[in-house]
Each structure stands twice: as structure tokens, then as C-alpha cells.
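Structural features, examined
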Amino acid sequence: MPPIVSFLGRRLAWSVITLWFVVTLAFLMAYALPADPTKVLLGPHPSPQQIAKLKKQLCLDRSLLAQYGCFVGRIARGDLGKSFNAKEPVAKIIAKRIGMTAKLAVSAVFLMVLIGVPLGVWAALRRNQMADTAITTGGLLGMSTPTFFGGLLLLYVFGFQLGWFPIGYQKGHELASLVLPAFTMAITGIAVYSRIVRGEMIEIMQEDYIRTAQAKGLSRRAVVVKHALRNALTPVVTMIGLDLGALLGGAIITEYLFQWPGLGREAVKSIITLDRPLILGTVLVASAFIVVANLVVDVLYAALDPRVRLE
Amino acid sequence: MYTGAVLDRRALRRFTRNRPALVGAGIVAIVLLLAIFGPMLAPHDPNEMHFEADALSALGKPQGPSAEFPLGTDAAGRCVLSRLLYGARVSLEVGIFATALAVGIGLWIGLLAGYYRKATDAVLMRFTDMVLAFPFLLLVITVASMRESSSMVDVFLVLGLTGWTTMGRVIRGKVLSLREMEFVQAARAVGAGNGRIILRHILPNVLGPTTVLASVGIAGFILSEAVLSYLGLGVPPPQASWGAMLYEGQSLYTLAPRLILIPGAAIVITVLGFNLLGEGLRDAFDPKDKRG
Amino acid sequence: MAAALLLAAAAAAAGCKNKSLSAGPAYVGAGATTPTRGGTLRFSINDGIKSLDPQVAYDEYSIYPLHYTMDTLVGYEKTMSPNAVGLIPQLATNMPVAEERTMKHPVSGEDIEVWVYVFHLRDGITFYDPTPPPGMAKVRPIEPRHFKYAIERCLDPDTSSPAQSFFEAIGGAPEMIAREGDKGPREAWGLVAEGRDLTIILTKPDPTLMYKLAMKFASPIEPEVVKHYGADGLNAHEVSSGPFYVTSYDRDIRIQFKKNPEYWDKDSIYLDGIDMQLMVERQVGFMKFRARETDVVDRMTVQDLLSIGEEPAWQPYLLRDKSIDIYGERFDLTMKPFDDKRVRQAFNYAINREHLAQLGYGTMLPAKGPLPPGMPGYNPELRGYAYDPVKAKALLVEAGYPDGFELDYFITGPDEKVEKIALSVQADMARVGVRLKIKRLTFPVHLAARMSAGKIPFGLDSWVQDFPDPSNFLEFLFHSKYRAPTNAVNSSQYSNPEVDKLLDAAAVELDPAKRTELYHQAEQLIVDDAPWVFEYHSVRVEARQPWLMDYKMHPVWIRDFRYVWLDLPSRPR
């Protein structure tokens, strides 16, 4: 077997095991919640018959192990179950929300790269000058700001005071609604990307081949773009993959703050309302994105960088 | 025998010449002092509600700064300055305890995985991957809503038990290269056991990166505590933490922006301080590494 | 700075208007004086809609859409003063009074005493369903059998309706409720549809029947529609019998209504439509209102009130109304030390309700007992508890707690208002030596714990009316038959045989004056026994835009936009 195939096979198997672990943990947690979903669903004065009936309907009258077996069996068949509250299949709810989350995640990552990378390059080229200090400090400040605090400030200034953007998600004004949450999510990423690129650039610019290129009389711009930046971007590609994976699972805080109708908001609501199938569904999907992103990044790495051993 | 002193003279000199690192150390020192002595400086009991006119209008509006309340009062008529000072202690305690827990787990996982390699490494690192694959916030929210009540202990347990993964990976990397070094080989040659090698020879040499990670970790956990409190799942009322102050002030922020700006600034500055310190320490220990 | 520039550019690119906000309302003036037709009312709520199924929807927000799309046999008066809740015929033409007679029980054949109501249906009333199931018309007549079926659906155990217990007095209802599988009837003999008449036969008197028939649970529904969509499908589909119909529904995001062109009373309806955004965070909702994106602001938070409540320009557009509810803490009487009445009374004396009122920005009215003012049967002469920490301390000493004690105090959260009240209660109790530890439960956990005895010794509790009648408060909260484990609405596990007797007598008393007297006596006994700390009744405060006309808050529907109109020329955009 060629090493790449067995490598892929092993990674894939681990991914499945990881997902199983996550789902089992989520299952145990969701079922350890001390509250009784029948009481949430039936209002304040249900009759004992109603409670018994609903329990049967929701499989709550069986042992935990039986419920777990039934649950894993369903997932293996690709059935995520039906939401307690919405009475719709969980898969349908997730399918409906995932597009919105994807729009937000992709925009945020786009902003991180678009702003973070040039800032990093600029800082590296002006090393230890004013611009560098400003960008480095600004980056640290960005990393030190809680997402919700940054989001709240953006919402207040650009939504409420200046009125440039809708306050929270507005149907029909999707593009305008997207700007503030995407920026909110991108704050930390911009800071991190600019710092990574700066560090890589500084290191690469000191390497011999760059010096050689410069000595050969290549213009500074050509050196920076053709040689240095290309190499400095490798870790950024990794980061993009991992960030996208994490963000696709739903950006809970940002979606919550901006009313963005995505997976994260659905997940929080499912926990608040004790909607167990939906809790499990959102956790499963969110972790699947993380796992797949990891896998893709590993494979890309192995493909791009022959030094990585396929062990 | 090379023992790799944690802070040799050169590292110390590099650190003291690094102006941002000194600023970070200064901020951390001030915040630590405030957390220790803040309660003595606080003009009021942080949880006492004042119903007098200079604290709360007849209609329940919090009042701005005055001689009695230097930073004004919050929506429950409590002294913002006093809560800020007491909150420093809570936020730092959560940050430090969670970090201690995370370091405790991450350090050992890293040491064992890196030293024994092979199956041990594979199992531990896959486990780390699994923990990483769990959506952190969903986990935290579920755990928090599972508990009959949240306490500070819950908060740092949750944070610490989920936050050790980076630590584990970085330490493992260091150990992997350390175990091939001459002084380890030498120790093994003279018949030292695995336990002795790990404790005597490898551990002292990873304390440097661990300090760096801990400093950055405290910063991260202070942020996480704020997020939890913002969702209303942090320390129980009436206890003050900076995150809880943000949570309490958020719906008044159009009217009294100081109620979010003050704790928000406190968080940002403190986290910045720990980040700067961590970065300075990294530069001091390992001047070649310029990555963020 | 760079980020700010980019944001500006993005704003320009996205074609956003700059609509910076002024402090006051958009205009101040009389506006149009005669109602004009047209326009869509816009508002946002900070929750989602659980169900559109009229026999299942129960919570405040799920009732909203139903109120616009469903009519019932009887309904509340169009214009009502805040303190009176009058019922008038809606889809029926009459308000029958009970006719007492004896009849043979259709199953057992015994002679039984029954109370009979005959409703006559209005002519020309129809369902409106622009997207009908295949083979059905868009407009379909409403017949008496549709009401019969609606109530039977509530009783049917398969529906899991929260309204089951409301219709227990109807002949055949207990047998329907008890049905298991195919063993038991699927119809109630106490509901008879004949011609244009619906006859309701009760096996025991129910003075609150009219209120129950005005609830959306009793709105007509066709068995064919239920069959087509299935119980789950009805969560998101409905057929209109009211002034509006749903044009689009995106769960947890938005629901839109249009005026029903076939509505029997369409001349009373001025709006063209209603546009509700769902699950909007309260503070964001408030910003939307300030940005004039909505016409009225959903239940303002205390903090929102602070920002416009003191601005003179907004005063004409603020609405205040007493809500029919009770908030406070309840003790678990099965747990020590709350089996001792003196301890419970001590708590009642120790809490400073004026402080609560100050924290609540006038949205809290100190309470003496469970029944709020504005409710039929409210007793202004009721003896409550005045703030008296000395007396509280003395009672605690007498009960054997001279040094006080430590106690877990359960609240629901996250909710900043609740937490503020809890802080004040905590401080008040500390003054008499009781050290409260605040424990915050999320709502579902609280709900589950609330309904079982022996879990929460002392915790926040509240009751909001289903319909404005004392029985809805006193019976559910304080009758011993509602204790755990059977049905634990009576969360304090309070039991007093004398109170039970009074409540049972009142429940079947058809003479309003005698009934009120019975409830007065029961309420005083309950207050003296102090199973709760009765703290406050809430006052709802809302703000409307100046162009939203004829809007009043409603004691039962909370907000009623059925009959409002918009002064469109003065609405921006």
C-alpha cells in the first residue's frame, strides 16, 4: 500500500473514532441534565397520563443504555432524529441554518486574510519602526479583546450611533447585516494572522536564498512577493483551514449578539430548551467540521511539504 | 552536565531590555497588587445596594461618579469602583486556578507523550485531538446549565479541564527534541530510570516554555471567564467579576456606557499585560523564535 | 482607523442609509385624527414561537400569532378599560347562560344534573386558507362541529394539549382524558353540533367556562386539516379564522401576516399586515425601535425604560398597564424550617417591597396577596405584611432561630431583573440574620425542580393568568389537590382543608357576588398562612411610535394589534 493511502486510512479511522467520542460525551451530558423535557413541553399543569405518554413517545421511559443504543443506531443510519420543540427532523433544521453560518464564517475568514496578511507583511518590512510597533501592539490589543465586547462596541458605534448597518440580522438586507458580525468574528483572527505573517516574514527575509535574490539585484517588491510571502503563507493556509472548521460549527457568541440565524444560535437555544436531539445534532455537526478541517489540513500539509513524515 | 537554568543571566538581560515585556510585567504587577490589596482600598462593600439619591434615583437610575462613588453606581445601586477592585481578585483567581489545572494536565500529558513516544504518544495525542474536536463553548454551556448552580469552582474546573490541549502539544514537541539531547543520553547511560530522567532532567528544561504558556493561558482564561459570565453562566451573584460586571452593565450601555467600558477596559488591559509578559518571556528564553 | 474606513466603505457599498438617531420621538403632534387604512405593523419579540397549533400553543409568545389568525365563540371586548375584562360574542351570536336540568347519562343511564349552554353561530363565517390541501377550497365555512372537534382535540391524550384540564367539566371529558390506546371514547357526549348550534353540556357548574372558550385552545379547526398536516405539521401551518392569515413563517426568525379578505368583521381591521421578527435580543430590539425600524417595542427591560422614561418628549408615547400576575418567592412547606408558619411570616415582614419597587423603575407594584388589582375578585381590604424587620426578627426568635440560619435561595436566570430582586431580598434577609445563598437555575431545570416537593426550600416563583378569574390563581397555586406528585402546580405544597373547602365551593358557585366573597375569605386565610412571600405584581411599560394609533395594552392578550391603525404619512420611509 502506498504510504499516502495507509496514512489517509488511518487518519480517517481516527476521525470516526473522534466523532464517536464527541457524540457519546454529548449524549451523556445531554441526558445528565437534571431537568425533565416533558415538563418543558407540556406546560405548567400536565396530567400524569400526558407525562407518561410523552415519555414513551420520546423514548424517555427506557434505560439510558437502551436510549444510547437506539441513538447510535440512528446516527449510523444517518438519522439525527426529530427536534422536541420544532417537531421537524434535526437534519432539516441544521441544513436550513448551515448556509447562514457558512456565509458568516467565510466572510470572517476572508476579512482575516484580507486585512491580517497585508498588515503582517507591512509590519515585517518596517521592522521596529513606528508602523511595526503600532501593528504589533494593535494586534495584541485585538487578541486581548473579548469577542462579545468588541461586537457590542461595533454594534453601538456603527449600528446604533452612526446607523450605517442594521442592528442585528435583517432579512432582505443580508449583505449589510453581514458586515458587523463578520468584523466582530474577524478581530481576533486579524490580530493572529498579522502576527504570524510578520514572524514568518522576518525569519524568511533573513534566509540565505532571499539574501541571494536581493544580491542578484531583484527588486525588493519582487523578492517580497515572489519568494518571501509565498513561503510565509504556508502556516496561514493551515490556520485558514482550522479556523474555517471551527467557525462553521457556529459562532455562538457572535450569532447570539447579532441575531444571526445560524447553527450557533440554534445550538444555544437547544440547550436552553433541553431539546436533546437538537443539542446532539448541533454538537455532532460542529465537531464534524473541526475533524474534517483537521484532516484536510493534515493531508494538505503532507502533500505540500514532503518533509512531513507519513507515519 | 547541562541543566538549562530557567532564567539565566542572559535571558534576564534580554527580558529587562524588552520594553513591551516590561510594560506587561508592570501591568501584571499592578493587577496582582490590586487583587491582593483591592479589598482594603475599596470604599464600600461591593455587594451593598445603596438606595439613597446619590446612588440610585427614585426611578432606579444608576448615578454617575461622585465623591461617595468615584466611578458611580450600577443598576443595583452598588459602588462600581468597589466591584471593580473585588472583581480583580475573582477574575485573576479564575485565571490562575484554571491555568494551574490546565498546566497540571497539559504538562504531564506532554511529558509522557513526548518521552515515551510510540503508543503512549499516539493515544495521548489522539485524546488531545478528541478534546479539541469538542465545540468548547457548547460543552461549557451544557455543563453550566446542567449544574444546579454555578460557583467559582465550577467555572475554573470547566475552563481548566478543557483548556490544556495547546499546553500538551507544545510541551510534547519540546520533550521530543530534549530526549535526544546529549545530557539525557548521558543520564540514561549512567543508568538513571525513566522517572528520574523526566523529573530531574527534562522537567526543568520545559519550565521555561511552561511559564510562557501559563502567562498566555491566564490571559485566555480571563477572557473565557468573561464570556461565561456574559452568557450569565459565570460566578453566582452577587459576586463581582469583571465578566459579570459586563453582563450586568450590557443592557444599560447606551445610557451609561461606563458600566461596560470600565470592566471591559480592565479585562483588555489585564489580558494585554499577560500577553505582553508571555511574549517577553518567550523572547527571553528563545530569542530566535519570532512567531506569534 | 483602517477598520473604521473599511466599515464606512462597506456601508456605502451595501447601500445603507445613514440614519443617525435623535433622542426624542420622530414627531410630536396630533397627527391624523380619523383612522386610515393600510400599512404593515412591524415589531420584534425576544423569543420564538413554539407552535402554531391552536390546541397546543400555550406560552405568551406562541399565543401572539394565534390572536391575529383565530377567532373563538366568545372574545374580549374591542376597547376595554384597563381594569375590566368583558366578554362579548365573537363567532357566536349569543352569550348563553347556564340552563340547569336533569338528564339521563348517555352511558350509564343514571339521572344526572347538568348545566347546558347553547351557542348559535354567526352566519357567513369562514376559514381562509390561501394554500389549501389538495381538493379543498380556499374559503371554507366554519361549522359547529369544528368547535366540538377543537375541544375534543384538547381533551384527547394524543394531542398533549396543556388545555386538557380546562374542559374537564364537559360531559364525557374525563373518559376521553383517561383513554388509553383504543380503550375509551374519542368524542365527548357533552359537545353536540347540530345545525348552526353548538350545545355544551357540563356535568358540574363552571363559572369560568366563558373565559375558557375565549382562549385560543377553543378556536375552531377542521379534522381534515389536522389529518392533512399531522400534529407535527400543524406546528408551522395554520388556517385562519381571524382577521389575519400567515403569509410566511420562518421559525425563530420572522412571521408575516396579511389581512384576511374574507374576515367577517373586516371593517374593524385597519392594518394591511403585521411583520414580526422573532428571537430578537431585547436590547437589540430596543435599538431597532429607537432606529424606527419597529412601531412598538416589546416588553421593555428596566434599563430601556431608564433611557426614554425620563425624557419628557417620550411621555405621551409610553403605555403603562397593570399585568395580571403575582411574583415572589415560595417556600416548600414540606421542608424545614418552613413547616413553621412563624418563619414564613418572618420572611414576609423582613422584605422591603419599596426597595424592590425602586429597583424596578415603577414596573413593580408591591403586593399584599396573590390576587392583583385589576382582576375580578381583588380585595382592597386584604391584610398583608408591612415591612417590619423588628417583628420579623422577633418571630424568628420565637420559632427558635435567634441566630438566624443559612439557606439556599433559588432563582432562574440568566435574567438581570430577577437577579437584582434577588440581591435585594438577600440583603433584607441578612438584616434579620438569614443568610441566603443565591443559586441560579436555568429555566427548564427550575421548572422540573419546581414541580417536585423537597427540592427547592425557598425559591423565586410567579404566576401569570390564563384567564382573569381568581380560580386560576387560588386553585392552582393553593388547593391541596394540586400538590406533588399528582400535579405540582401548587409548588409550595400548601394544604389547608378550610381553604380547600372554600375553593371547592367557589368553583361551582354561579352567583358572582357569593363567589367573590368565598375567594376573599380563602385569600385571607392563604395570606395569613404565608406559603409565599407575595412580593409584587408587575406593571408593563411599553413605548409606541407616535404614528401607531389606538393601541392599548390588553390584560389577557398582553398586546393587541387587531384594531390599531397607522398614521402612515407621518411614518418615516
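Structure's up top.
The following refers to the structure shown. (Residues numbered from 1 in each chain as written. Chains lettered and ligands numbered in written order. Predicted model: local features only at pLDDT ≥ 70, side-chain atom pairs only at ≥ 80, totals over all residues. Heavy atoms only, no water.)

Relative to the helices and strands, C:Asp265 resides in the loop between β11 (254-259) and β12 (273-277). Of the polar contacts made by the side chain of C:Asp265, one reaches the side chain of C:Ser268; its length is 2.9 Å. (Helix = DSSP H or I, 4+ residues; strand = E, 2+ residues; numbered from the N terminus. Polar contact = N/O pair within 3.5 Å; in protein donor to acceptor, adjacent residues only side chain to side chain.)

So, on to helix α9 (residues 194-230) of chain B. In this model, α9(B) (37 residues) spans only 46 Å end to end at C-alpha, well below the 54 Å of a helix rising 1.5 Å per residue. Within α9(B), 27 of the 37 residues are buried, which leaves it mostly tucked inside the rest of the structure. (Expected span 1.5 Å × (residues − 1). Buried < 20%, exposed > 50% of the residue type's maximum accessible area, 1.4 Å probe, protein only.)

When the parts of a complex come together, some accessible area is lost, and that lost area is often used as the size of the interface. Contacts between chain A and chain B engage 42 residues on the former and 42 residues on the latter. Across the chain A-chain B interface, the total number found is 1 salt bridge. In this structure, the salt-bridge partner of A:Arg195 is B:Glu279, at a minimum N-O distance of 2.1 Å. Summed over the shared surface of chain A and chain B, the result is 3 residue pairs in polar contact (both at pLDDT 80 or more). (Contact = heavy atoms within 4.5 Å. Salt bridge = Lys/Arg side-chain N within 4 Å of Asp/Glu carboxyl O.)

Counting 141 residues, the largest nonpolar core has A:Phe148, A:Leu155, A:Met201, B:Trp242, B:Ile267 and C:Met300 as the members making the most contacts within it. Mapping this core onto the domain boundaries places at least three of its residues in each of domain 1 (3-76) and domain 2 (91-304) of chain A. Setting aside residues no more than four positions away along its own chain, B:Trp242 makes contact with B:Val31, B:Leu84, B:Gly87, B:Ala88, B:Ser91, B:Pro263, B:Ala266, B:Ile267 and B:Thr270. With 115 residues, the next largest nonpolar core counts C:Ile63, C:Ile326, C:Met364 and C:Leu477 among its residues. (Core = buried A, V, L, I, M, F, W, Y, C linked by side-chain atoms within 4.5 Å. Domains from an automatic or database assignment.)

Glancing now at a negative patch on the surface. On the surface, B:Asp45, B:Glu48, B:Glu52, B:Asp54 and B:Glu68 cluster together to form a negatively charged patch. Structurally, B:Glu48 is set in the loop between α2 (19-41) and α3 (80-116). (Patch = residues over 30% accessible without salt bridge, like charges linked within 9 Å, V, L, I, M, F, W, Y side chains within 5 Å. Areas by Shrake-Rupley, 256 points an atom, 1.4 Å probe, with all protein chains shown as cover. Lys, Arg positive; Asp, Glu negative; His and termini not counted. Charge placed at Lys NZ, Arg CZ, Asp CG, Glu CD.)

Residue and element names in this part refer to chain C. On the basis of which strands lie adjacent, the open sheet formed by 4 strands has the order β1-β12-β11-β10 and mixed pairing. In this open sheet, the two strands that pair with only one neighbour each are β1 (40-44) and β10 (244-250). The sheet shows a mean angle of 15 degrees between the axes of neighbouring strands, direction not considered. Here β1 pairs with β12 via 5 bridges, running parallel. In the sheet register, Leu41 faces β12, and the bridge partner there is Ile274. (Pairing = 2+ DSSP bridges. Axes fitted to C-alpha atoms, helices over the stretch in contact; angles between N-to-C directions.)

Across the junction of C:Lys336 and C:Pro337, the peptide omega takes the value 0 degrees, indicating a cis bond. Topologically, C:Pro337 is positioned in the loop between β14 (325-331) and α9 (341-350).

Our focus in this paragraph is a nonpolar patch on the surface. A contiguous nonpolar patch, built from B:Leu32, B:Leu33, B:Ile36, B:Phe37, B:Met40 and B:Ile96 and spanning about 580 Å² of accessible area, is present on the exposed surface. Within the element layout of this structure, B:Leu33 appears in helix α2.

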